[in-house]
Amino acid sequence: MSRLRSALSRTVAHPAFHLALVLALLLGCRWLSAGTVQILTFALIAIIFSQSINLLTGLAGQISLGHAGFFGIGAYCSGILAKTHGVDVALSVPLAALLAAAAGWLLSFPAGRVRDVYLAMMTLGFGMIFYEIVREWNDVTGGTMGFPGVPSAALHTLSILGVRIDAAAYFQVVLLVAALVLVLVRNLTQSRIGRAFFAIHVSEVAAGSIGIPAGATKQLAYTLSGALAGLAGGLYAHLVGYLGPESFALPRSIEVLVIAIVGGLGSIAGQVLSATVFTFLPERLQVFSEYQFIAYGVILTFSLVVLPRGIAGLLLDPPRFIKPRALRRAVALRPDPAVLRPEAAGGGDGSLEVASVTMRFGGLVALDDVSLRIEPGRITALVGPNGSGKSTLVNVVSGLYRPSAGRITFEGRDITGLPDHRIAAARVVRTFQDPRLVPHFTVRENLLLGAHRLLRHTGAAAALALPSALEEEAQQLAAIEAVLALTNLTAVADRTISTLPYGTRRMAEVGRALLARPRAILLDEPAAGLSEAEMERLAQVIRDMKAMGLAILLIDHHMDFLADLVDDVVVLDSGRVIYRGGIAEMRRDPAVIAAYLGDEAATASEHAHA
Amino acid sequence: MDDFFFSLVLAGISVGSVYALIAIGLNLTFWTTRTLNFGQGSLMMLCAMLVVFLASQGLAMALAVIGGLLVVAALGVFVERFTIRPALVASGGSMGWVVSTLGFGIVLQGVAAKYFGSQAMAFPDVLFTTQDYVTVLGQHLSLQYLVVLALSVSLILLLELFVRKTVWGQAVFAISLDPELALVQGMPVRLIILGSFVASSLLAGVAGILSAQIGGTVDPAFGFDLVLFGFVAAVLGGMGSSFGALVGGLAVGLISKLVGGYISTAAEHAIAFALLMAMLALRPQGLLGRPEVSKA
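Position numbers for residues start from 1 in each chain and track the written sequence from start to end. Chain labels run from A onward and ligand labels from 1 onward, assigned in the order the entries are written. Predicted model: local features are reported for residues with pLDDT of at least 70 only, side-chain atom pairs are reported and counted for 80 or more only, and whole-chain, interface and lining totals are derived from all residues. Calculated side-chain values reflect all of the structure's heavy atoms, with hydrogen atoms and water omitted.

1. Regarding the overall build of chain B
- Secondary structure counts use DSSP, requiring at least four H or I residues in a row for a helix and at least two E residues in a row for a strand, with both numbered from the N terminus. Regarding its fold elements, chain B presents 11 helices and 4 strands.
- Each radius of gyration is computed over the set of C-alpha atoms, and the globule rule expresses the reference value as 2.2 Å times the number of residues to the power 0.38. Its C-alpha atoms give chain B a radius of gyration of 19 Å, within 12% of the compact-globule value 19 Å for 296 residues.
- Each principal axis of the C-alpha distribution contributes one length, and for chain B these read about 60 × 45 × 35 Å.
- A 1.4 Å probe rolled over the protein chains alone gives each residue an accessible area, and that area as a share of the maximum for its type sets the label: buried under 20%, exposed over 50%, partly exposed in between. In chain B, buried positions account for 53% of the 296 residues.
- In this description, contact between two residues means that some pair of their heavy atoms is separated by no more than 4.5 Å. Intrachain contacts of chain B at a sequence separation of at least 6 include 74% that bridge at least 24 residues.
- Shrake-Rupley sampling with a 1.4 Å probe provides the accessible areas, and residues are treated as covered by the protein chains on show and by no other component. Counting every atom, chain B has about 12,600 Å² of accessible surface; 69% of that belongs to carbon and sulfur.
- Charge counting treats Lys and Arg as positive and Asp and Glu as negative, with His and both chain ends excluded. Think of each charge as sitting on NZ of Lys, CZ of Arg, CG of Asp or CD of Glu. One finds the centroid of the 11 positive side-chain charges in chain B at a distance of 15 Å from the centroid of its 12 negative side-chain charges.

2. A closer look at the domain arrangement of chain A
All names here are of chain A.
- A domain assignment, automatic or from a database, supplies the domain bounds used here. Entries for chain A in the domain assignment read domain 1 (2-319) and domain 2 (352-609).
- Computed from C-alpha coordinates alone, the two centres of domain 1 and domain 2 are separated by 42 Å.
- Each partner contributes residues to the interface: domain 1 has 22 residues there, and domain 2 has 30 residues.
- Put simply, buried area is the surface a 1.4 Å probe can reach on two separate parts but cannot reach once they are joined, added for both. Taking both partners together, domain 1 and domain 2 bury about 2,200 Å²; carbon and sulfur atoms supply 68% of that area.
- A per-residue breakdown of the area domain 1 buries against domain 2 is headed by Arg192, Arg195 and Ile210, which together make up 34% of the total.
- Here Arg195 makes a salt bridge to Glu473, at a shortest N to O gap of 2.9 Å.
- Here a polar contact is taken to be a pair of N or O atoms separated by no more than 3.5 Å, where protein atoms must pair a possible hydrogen donor with a possible acceptor and residues adjacent in sequence count only if both atoms sit in side chains. Inspection of the domain 1/domain 2 interface yields 3 residue pairs in polar contact (both at pLDDT 80 or more). Throughout this description, the term salt bridge denotes a Lys or Arg side-chain nitrogen within 4 Å of a carboxyl oxygen of Asp or Glu.

3. Looking at the interface of chain B and chain A
- At the junction of the two partners, chain B supplies 46 residues and chain A supplies 41 residues.
- A combined buried area of about 3,600 Å² lies between chain B and chain A, and 81% of that area is made up of carbon and sulfur atoms.
- Scanning the region where chain B abuts chain A turns up 0 salt bridges.
- At the junction of chain B and chain A, the tally comes to 1 residue pair in polar contact (both at pLDDT 80 or more).
- Breaking the side of chain B that touches chain A down by element, the ones donating at least two residues are helix H3 (61-90), helix H4 (95-116), helix H9 (222-237) and helix H11 (267-282) of chain B.
- Top element by residues in the side of chain B that touches chain A is H4 of chain B. It accounts for 15 residues.
- Classification used: nonpolar for Ala, Val, Leu, Ile, Met, Phe, Trp, Tyr, Cys and Pro, charged for Asp, Glu, Lys and Arg, polar for all others including Gly. Residue composition of the side of chain B that touches chain A, grouped by class: 33 nonpolar, 9 polar and 4 charged.

4. Some remarks on the nonpolar core
- What is meant by a nonpolar core is a set of buried Ala, Val, Leu, Ile, Met, Phe, Trp, Tyr and Cys residues, joined one to another through side-chain atoms within 4.5 Å. Among the nonpolar cores identified, the biggest contains 251 residues, and Phe561 of chain A together with Phe38 of chain B are the most heavily contacted of them.
- Broken down by element, this core gets its largest block of residues, 13 residues, from helix H3 (residues 34-59) of chain A.
- Counting residues domain by domain, this core receives three or more from each of domain 1 (2-319) and domain 2 (352-609) of chain A.
- With sequence-adjacent residues up to four places away left out, Phe561 of chain A is seen in contact with Ala527, Met535, Leu538, Ala539, Ile542, Leu554 and Asp556 of chain A.
- With 28 residues, the next largest nonpolar core counts Leu352, Met359, Tyr401 and Leu553 of chain A among its residues.

5. Observations concerning the side chain of Glu473 of chain A
All names here are of chain A.
- Note on placement: Glu473 falls in helix H22 (residues 467-486).
- A relative accessible area of 3% means that Glu473 is categorised as buried.
- Side chain to side chain, Glu473 and Arg195 meet in a polar contact 2.9 Å long.
- In this structure, Glu473 is in contact with Gln190, Ser191, Arg192, Arg195, Ala326, Leu448, Leu455 and His457, ignoring residues within four places of it in sequence.

6. Here we look at helix H20 (residues 443-450) of chain A
All names here are of chain A.
- With respect to burial, H20 is a largely interior element, 8 of its 8 residues being buried.
- Those residues of H20 that sit buried are Val443, Arg444, Glu445, Asn446, Leu447, Leu448, Leu449 and Gly450.
- Summarising the contacts, the buried residues of H20 are in contact with helix H9 (192-202), helix H17 (324-332), H22 and helix H23 (502-515).

7. Topic: the pairing of strand S6 (residues 405-410) of chain A
All names here are of chain A.
- At least two DSSP bridges between two strands are needed for those strands to be called paired. Where strand S3 (residues 352-361) meets S6, 5 bridges bridge the pair, whose relative direction is antiparallel. The residue of S6 that forms the bridge with Val354 is Ile408.
- Pairing geometry for S6 and strand S7 (residues 413-414), over 2 bridges, is antiparallel. What sits directly across from Thr409, in S7, is Asp414.

8. Concerning the side chain of Ser17 of chain B
Residue and element names in this part refer to chain B.
- The topology assignment puts Ser17 in helix H1 (residues 3-33).
- The buried category is assigned to Ser17, whose relative accessible area is 0%.
- Those residues in contact with Ser17, other than ones at most four positions away along the chain, are Val148, Leu149, Ser152, Ile156 and Leu250.

Written out as structure tokens, the structure is:
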């Protein structure tokens, strides 16, 4: 079964297969009946449309219940431009995609601020508002009466760049557009952009910690998704020739969501298959068309539980997110651990300085006038009982919380209150208590996410998979080899995270942070839950980081683990620094003993007198 | 104050109180599971449809209403057991249950359209007809509107009393704060969650009947718009806040009726959704809600 699946996956992914399929359809469509050609064109449009929602919902994890809005914007824009203003279809369709992209970009601002159920409601609202506007704006859209007479293949009124286009020729045009879209989306999925989409999908906080800005990434996702939906809508307008508001109401948003979910969110091939099936079924199966709406409902109700990865999960191997060509280039490069060594520090003496930071949550004071200093080439341990504010401090420094008072400077620069991705860009990187990796990415793909900030090529270069983009990716992949060797992960580099034990995931997260090329690193309980052997390995990695000249803050509870590793210790209790100095002296410090063992143990006599 | 304005205000307050009822139905499950049933609108529709159907079969009105409510209560159990719980177990964020409850709503709507037809059915006058009114200070007050208002407000007050004064209500409150802690404390969390879905469905059923009474007709698509207004009300007042739901519901009712009366009935929806989007973007916690502080 799994061998069959691999064989099928390889075939489906093979360029020769794509070429053969496109050529066969391109040449063969002349022999097909007019009805079949029309349904096939519908299927192609559904494929483009489903890629649109796949980008937004499948990759970036932003659910959309109003996607018909973008589709409708594209359809009406192209239809109106072509019919009312006489614009050539070769121009009106791209303009339609552009307008829908602009709508997506605009929607991303309110939508980017909310998630979960609020996002579902907001996108639902967007779809409804579009529908209402189309219904009421009689002068432009024809209102409920619809907008007939759009130049179209069905009406034999379509010409592109002066060439008369019949239904079969239109099918060929749409086929080429769809093929192009699929290639571009595939390239994007296997580029820094697609990986960033998945990163914010899984955890915006973790993405921010390695320099992936959640806001800008979502904006891009909405814009691209809008563009694709608008393109599909524009093509649809010139296929049918008549636009009515009902074609762009909620059922169409539901339909494309059903297609995307059944196909398998995140899988391109799955979308293609599912879009084709759902276009043909109602046309060819009377029973299905009768119960179509109910069937969609049943599918939505149970599909994510019964078949969470859709048809693609059933038939195909999971997709991978690094271009094989970049991987092949990387093999030729020699892994060089020196690339991980940060270049000379920026300004100041290179230390991270926390000065009188206070953090309040309502009435609760989580950090009370905390000051500490982490220096390059030194390991500073931050210890303290549960709830003493250790993680809060890391969250404040890494930009998750803005401190109520106080300043944080790094290399002489004030980084207080910067957003998390800017702090990562300033070379201060943190890890989390619970590893926050992308579970369906391999170790290597997760590590490459760490290097996201260093991949500077444009989105266009990524979509076209230009050699310059691949070269840049290969450089980072070579650096990943070095980190894999350092963290002892080479053997599991191509296993997905979800199949690996906890300790290995922790190590992968540390490796990912290293790939972001920090000059200061904040490790939040990296040893929690590790075995003896894993802990030793981790200690070695931390020593290596120290040797590289990183400033290291290490939160942990295991005193034995810390004892022969750290240079300085800072002890927090109830949000205050109660000790600062060497680890040996710490064990004798009365305030520390009191914090850990209770006041009675250390200061029983004082209590008696109080 | 002219008559037209006054009648719009009364209508607005009356439908607003129904929106508040819907919003509180959404709140109930939001408290216990941080989820909403996107099929809530279909439950409203189904309940109203069933009342029409049962009444047309010669059943006494009171029995028809009880029958409708029993069916939606049973469906509430189904929603919890087969759409919410598996999706929460499978995790994967909110996508699972948004999609599954939406799907459930679509199925109900499709089935209703199949068996009752997609035409609007006249809803029988349960208590008063649209022509009944009382005169207060020279203003005609529609009795139907008044009854609906009184019923919704008293239901909301009763529920609030239940949550504040009873052990079960306190348990709901505890679960909303920390379900795991509630579980280890020995509270029957599963049962309470199930109960919240049943109660939520019942409220949806009542809201459906009341809306149908005001509107006079019911059709398969009828619940969808209503539940969106309920969402707007809940978000406006702050998701999870009962008082917020009431204020939000009345505000949405008033605004939509006034816009409908003076500008265009078609703009009612657009205004409500624009309000929703603006609110979510600017103050997601709502007018009366407090921002959620989550531990990163």
